[in-house]
Amino acid sequence: MKQLGSQTWQFTTRPVILGSSAVVGPEEGEGPLASDFDFIYDSLKMGEKTWEKAERALFEKASKLALIHAGIEQEKLEFFVGGDLMNQIISSSFAARKLGVPYLGVFGACSTSMESLAIASMIVDSGGATYALAGTSSHNCTVEKQFRYPTEYGSQKPPTAQYTVTGSGCAIVAKNDGSSKGPFVISATIGRIMDLGLKDPFNMGAAMAPAAADTLVAHFRDTGLSPGHYDLIVTGDLASVGLPIAKKLLADEGIPMEETTFNDCGLLIYNLDKQKYAIAGGSGCGCSAVVTYGHILKRMKKGELKRVLIVATGALLSPLSYQQGESIPCVAHAIALESGGEEA
Amino acid sequence: MPAKTKQPGIKQRLDNMTSEEYKKLSKPFVPGRPVLKNCIRAFLIGGLICLIGQVIQTGFMSIFGMNSKEAASPTVALLILISVILTSLGVYDKIAQWAGAGSAVPVTGFANSMCSAALEHRSEGLVLGVGGNMFKLAGSVIVFGTVAAFIVGIVYALMGFGGGSH
C-alpha cells in the first residue's frame, strides 16, 4: 500500500472483490434496481419478532450470499469488518457471532459501507488476510425507532427528509492472485469531518454535501486524476437536496464533474415519482452498500462500467446530540473500483 | 494518463466557510415546507375528524337517548378506538404524512402517539418497554397541558371569573 497525498491510500496489489451481495426489503424491491438485488424480503419483519432481529437477519443473509457468490467456504474467511447505525453497532456485531472470524466493528453512519471496504482492502493489501468480508446494513424501522419516532407515529416529514433503506450489502475482498478479472479496489480516500453548522436532522443531504465535495477534491488532488477518468461517480446518499449542493460546491472549485456521470445512491434506489414515501431519496448504511454491491458491481461485471468512484457520506449525529442543539458533523469516504480486462 | 486537474482550493475555502455562508449557499437548493398546502390539508382532515366525532355523538344521543354531556365520553372512547385500530394496521402514519397537524391535534393524534410507542417498545417487555415508553411522546402533552390549564385557571380566578364556582 502506498500513501498518495494526505488522504488517499493506493492499494498496490489491487485486491479483488471476489463476490458481493445485496439483500433488501420490500420497498427497495419495488424500486428501479430490484433486478440487481440478490434477495428481496417481502415483509419488513423478515419473519423475526423484533425490528432489530430483522436487521440482523438481513445482515446474516447478505454475508452468507456474499460467501456463496465468492465461491469460498466460510472456514476460509479470515476477517470481518462491519458496522451499522444501531447503538453499539449491534446488527453487525451480533451477525458476526455466526461468522466466527476476527472482527472489527466500525461506525461511520451511512459512510460505513466504504469505510469497511477501505479497511478490509487495506488488510488484504497489506497481507493481513487472504479473504476479508466488508459489510453493513440498515433497516428503516430500527432507524426510525432509534433516531426519530415510533414507526407508526403520525408525524409529517418535510420535503428534505430521506427514507432509510432496508438492506444489507456485503463484499468479499480477496488477495489478487492474478487470475481474477475483478472488480479491483484501486484506492481509498478517507474523508475529514466537515461540519458547516447545519442542525436539522431532517435535512441531512445539505449537511453531508460539503463532506462529499471535500473528499472528491481530496481524491482528485491526491491521485492527480480528473473526474473524466471514471465512467461513473456516485455519492453515498445526498439525495435530491444534497446532490445539487455538492455539484455547486464542486463547480465553484473548478472540478469538471461534467466529464463523467455524477449521480447519487439515494436517488438511484427509489423511483421518487412513484415511491412518494421516500421523499428526497434513500439514506442509511444499506443504501450505498446495496447500490454498490448490487447494482454497480453487476454493471461492472457486464462491462458497462470500467472505472467507478463511490463516495459514501455519513451524518455522524445521535438523537442525543441533535436534541441538545448540536450541529451535524459529516464524513465521506471514497473508493475507486476498476474492472479487469485490458489495462488502461 | 489523464490530465491533471488544476490545483483545487476547496480545502481552504470550505474550512473558512462560516455556517451563515453555507446556509446562504445551500438555501436555494433546500425546498421549504409547503405551509399553505399543509394548512389547507390540516383544516380539511382536522375538520373531517371533528365531523366524524359529531356524527358519533349525535348517534349516541339519538340511538341511546343520551344528552350531549353523557354522549361526550363514549364518543371520545370510540374515536380513540378507531385511531388505535388505524395505528395498529399501519395506516395512521400514512394519513398523517398527508394531513399533518390535521391528524395530530385531535384526540386521535394523542391516541396514535401512545399506541405507536406502546407497539414499538413491546419488544422490550411490558414494564420497561410498554409501560416505560407509552408516554414518551404523549407525556409532554400531558405535562404542558396541565401546566397551561393551571396558569389559565389562576388567571381566571384572579380576574374574578370565578373559575368553576358557578
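Calculation rules
- Residues numbered from 1 in each chain as written.
- Chains lettered and ligands numbered in written order.
- Predicted model: local features only at pLDDT ≥ 70, side-chain atom pairs only at ≥ 80, totals over all residues.
- Heavy atoms only, no water.
- Helix = DSSP H or I, 4+ residues; strand = E, 2+ residues; numbered from the N terminus.
- Contact = heavy atoms within 4.5 Å.
- Areas by Shrake-Rupley, 256 points an atom, 1.4 Å probe, with all protein chains shown as cover.
- Core = buried A, V, L, I, M, F, W, Y, C linked by side-chain atoms within 4.5 Å.
- Buried < 20%, exposed > 50% of the residue type's maximum accessible area, 1.4 Å probe, protein only.
- Phe/Tyr/Trp six-rings, centres within 6.5 Å; stacked < 30°, edge-to-face > 60°.
- Buried area = accessible area lost by both parts, 1.4 Å probe.
- Salt bridge = Lys/Arg side-chain N within 4 Å of Asp/Glu carboxyl O.
- Polar contact = N/O pair within 3.5 Å; in protein donor to acceptor, adjacent residues only side chain to side chain.
- Nonpolar A, V, L, I, M, F, W, Y, C, P; charged D, E, K, R; others polar.
- Patch = residues over 30% accessible without salt bridge, like charges linked within 9 Å, V, L, I, M, F, W, Y side chains within 5 Å.
- Axes fitted to C-alpha atoms, helices over the stretch in contact; angles between N-to-C directions.
- Parallel < 35°, antiparallel > 145°, perpendicular 65-115°, else oblique.
- Expected span 1.5 Å × (residues − 1).
- Disulfide = S-S within 2.5 Å.

### Section: the overall build of chain B
Move 1: On a plain count of helices and strands, chain B comes out with nine helices and zero strands.
Move 2: Secondary structure elements of chain B, listed N to C terminal, follow the sequence α-α-α-α-α-α-α-α-α.
Move 3: Once local pairs closer than 6 in sequence are excluded, the contacts in chain B between residues at least 24 apart make up 49%.
Move 4: Summing over all exposed atoms, chain B offers an accessible surface of approximately 10,800 Å²; the carbon and sulfur share of this is 71%.

### A closer look at the nonpolar core
Move 1: Ranked by internal contacts, the top residues of the largest apolar core, which has 69 residues, are Ile172(A), Leu216(A), Ile233(A) and Tyr22(B).
Move 2: A total of eleven residues in this core trace back to one element, the largest contributor, which is helix H6 (residues 204-223) of chain A.
Move 3: In this structure Ile172(A) touches Val16(A), Ile17(A), Leu18(A), Gly19(A), Ala66(A), Leu67(A), Ala70(A), Ile72(A), Leu77(A), Tyr131(A), Ala132(A) and Leu133(A), once residues within four positions along its chain are discounted.
Move 4: Ala120(A), Val165(A), Ala278(A) and Ile296(A) belong to the second largest nonpolar core, which has 45 residues in total.

### A look at the packing of aromatic side chains
All names here are of chain A.
Move 1: Counted according to the given criterion, the structure contains eight aromatic pairs over all chains.
Move 2: Pairing Phe-59 with Phe-80 gives two aromatic rings, centres 5.8 Å apart and planes at 85 degrees, and the pair type is edge-to-face. Taken as a pair, Phe-59 in helix H2 (residues 51-70) and Phe-80 in strand S5 (residues 79-84) lie far apart in primary sequence, 21 residues in all. For the pair shown, Phe-59 and Phe-80 are each scored as buried.
Move 3: Each residue in the set Phe-59, Phe-80 and Tyr-103 is aromatic and connected to the rest through ring pairs, giving one cluster.

### Some points on the interface of chain B and chain A
Move 1: Taken together, the contacts link 45 residues of chain B with 47 residues of chain A.
Move 2: Both faces considered, chain B and chain A share a buried interface measuring about 3,900 Å² in area, 62% of it formed by carbon and sulfur atoms.
Move 3: Linking chain B to chain A there are one salt bridge.
Move 4: Note that Lys145(A) and Glu124(B) form a salt bridge whose closest N and O atoms lie 3.0 Å from each other.
Move 5: Applying the counting rule to chain B against chain A returns twelve residue pairs in polar contact (both at pLDDT 80 or more).
Move 6: At the level of elements, helix H1 (10-16), helix H2 (19-26), helix H5 (92-99) and helix H7 (107-120) of chain B are the ones that each hand at least two residues to the side of chain B that touches chain A.
Move 7: The class makeup of the residues in the side of chain B that touches chain A is 19 nonpolar, 16 polar and ten charged.

### Comments concerning a nonpolar patch on the surface
Residues and elements named next belong to chain B.
Move 1: Together, Val-143, Phe-144, Val-147, Phe-150, Ile-151, Val-152, Ile-154, Val-155, Tyr-156, Leu-158 and Met-159 make up a nonpolar patch on the protein surface, roughly 1,100 Å² of accessible area in all.
Move 2: By secondary structure assignment, the location of Leu-158 is in helix H9 (residues 138-158).
Move 3: Under the relative-accessibility criterion, Leu-158 is labelled exposed at 72%.

### Re the packing of helix H4 (residues 112-125) of chain A against helix H9 (residues 285-301) of chain A
All names here are of chain A.
Move 1: The geometry of H4 relative to H9 is characterised by a closest axis approach of 7 Å and an angle of 60 degrees between their N-to-C directions. The angle between the axes of H4 and H9 places the two elements in the oblique class. Between H4, through Thr-112, Ser-113, Met-114 and Leu-117, and H9, the contact on the second element is made entirely by Cys-285, Ser-288, Ala-289, Thr-292 and Tyr-293.
Move 2: Its residues assigned to classes, the contact of H4 with H9 shows five nonpolar, four polar and no charged.

### Here we look at H7(B)
Residues and elements named next belong to chain B.
Move 1: Taking 1.5 Å per residue, 14 residues should reach 20 Å; H7 reaches 20 Å between its end C-alpha atoms and fits that length.
Move 2: The buried fraction of H7 amounts to eleven of the 14 residues, a majority that puts the element mostly inside the structure.
Move 3: For H7, the complete set of buried residues consists of Thr-108, Gly-109, Ala-111, Asn-112, Ser-113, Met-114, Cys-115, Ser-116, Ala-117, Ala-118 and Glu-120.

### Let's talk about the state of the cysteines
Move 1: The tally for this structure, following the rule as stated, stands at zero disulfides over all chains.
Move 2: Of the cysteine sulfurs around Cys50(B), a residue in no disulfide, the closest is that of Cys39(B), at 16 Å.
Move 3: On the basis of relative accessibility, which here comes to 52%, the residue Cys50(B) falls in the exposed class.
Move 4: Left without a disulfide partner, Cys115(B) is nearest to the cysteine sulfur of Cys141(A), which lies 15 Å away.

### So, the pattern of salt bridges
Residue and element names in this part refer to chain A.
Move 1: This model, assessed by the stated rule, comprises twelve salt bridges over all chains.
Move 2: Notably, a salt bridge pairs Glu-144 with Arg-148, separated by 2.8 Å at the nearest N-O pair.
Move 3: Arg-148 gets classed as buried once you look at its relative accessible area, which sits at 17%.
Move 4: The salt bridge partner of Asp-252 is Lys-248, with a shortest N-O separation of 3.3 Å. Of this pair, Asp-252 and Lys-248 both sit in helix H7 (residues 239-252), four residues apart, which is roughly one turn of the helix.
Move 5: For Asp-252, a relative accessible area of 33% gives the class partly exposed.
Move 6: Given the relative accessible area of 33%, Lys-248 is considered partly exposed.
Move 7: Within this structure, Arg-14, Arg-307 and Glu-338 form a network of salt bridges that share partners.

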